[in-house]
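Structure assessment
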Amino acid sequence: MASVSQLQRQFVEYTTSLYNEGYLDDQFTQLQKLQDESNPDFVVEVVSLFFEDSEKLLNNLATALQQKIVDYKQVDSHVHQFKGSSSSIGAQRVTNVCVHFRNYCEEKNLDGCLRCLQQVKHEYILVRNKLEALFRLEQQILQAGGSIPMME
């Protein structure tokens, strides 16, 4: 069993890597700063809502792009929503793909939109898996009697 200090060091190293690799940006730090004793699960709850919304948006995007006549305004609306929600939790790489995706919507470029859909799904799954791992590490620290290190 890892000690609290080992788990905390792992947490700091893992979190740092998420920022360095561009998965997260400062918005995630801002989200963490809103969490306190009165709302200890704030970040997990907000990110869980992001996961639920993202699944729906990805399904809506896939459906919209499979239509015989693609409504690019509708596709762009879904992408805009996805960009906003990913940006609000600091999912930087998802947000960046959404920017390109919106450009393809504007150009009414179906191939570009389909490529971006695959790319945004890929980035979303990566960030979801990485955040779930981060939350598991937080739980291990708390269960071992430690506190979560604050990132600067």
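What counts, and at which threshold
- Residues numbered from 1 in each chain as written.
- Predicted model: local features only at pLDDT ≥ 70, side-chain atom pairs only at ≥ 80, totals over all residues.
- Heavy atoms only, no water.
- UniProt positions renumbered as here; feature names shortened; annotations may be inferred.
- Helix = DSSP H or I, 4+ residues; strand = E, 2+ residues; numbered from the N terminus.
- Phe/Tyr/Trp six-rings, centres within 6.5 Å; stacked < 30°, edge-to-face > 60°.
- Buried < 20%, exposed > 50% of the residue type's maximum accessible area, 1.4 Å probe, protein only.
- Lys NZ or Arg CZ within 6 Å of the ring centre and 35° of its normal.

What follows is about the UniProt feature "modified residue: Phosphohistidine" (unreviewed entry) in the protein chain. The residues that UniProt annotates with the feature "modified residue: Phosphohistidine" (unreviewed entry) are H80. Here H80 lies in helix α4 (residues 72-89).

The tally for this structure, following the rule as stated, stands at five aromatic pairs. Ring centres 6.0 Å apart and planes at 70 degrees place the aromatic pair F50 and Y124 in the edge-to-face group. Pair noted here: F50 is in helix α3 (residues 42-65) and Y124 is in helix α6 (residues 110-143), with a separation of 74 residues, a long-range link. Taken individually, F50 and Y124 each receive the classification buried, so the pair is uniform in this respect. Cluster of aromatic residues (ring-pair linked, three or more members): F50, F51, F82 and Y124. The ring of Y23 has R93 sitting right over it, with the charged end atom 3.9 Å from the ring centre.

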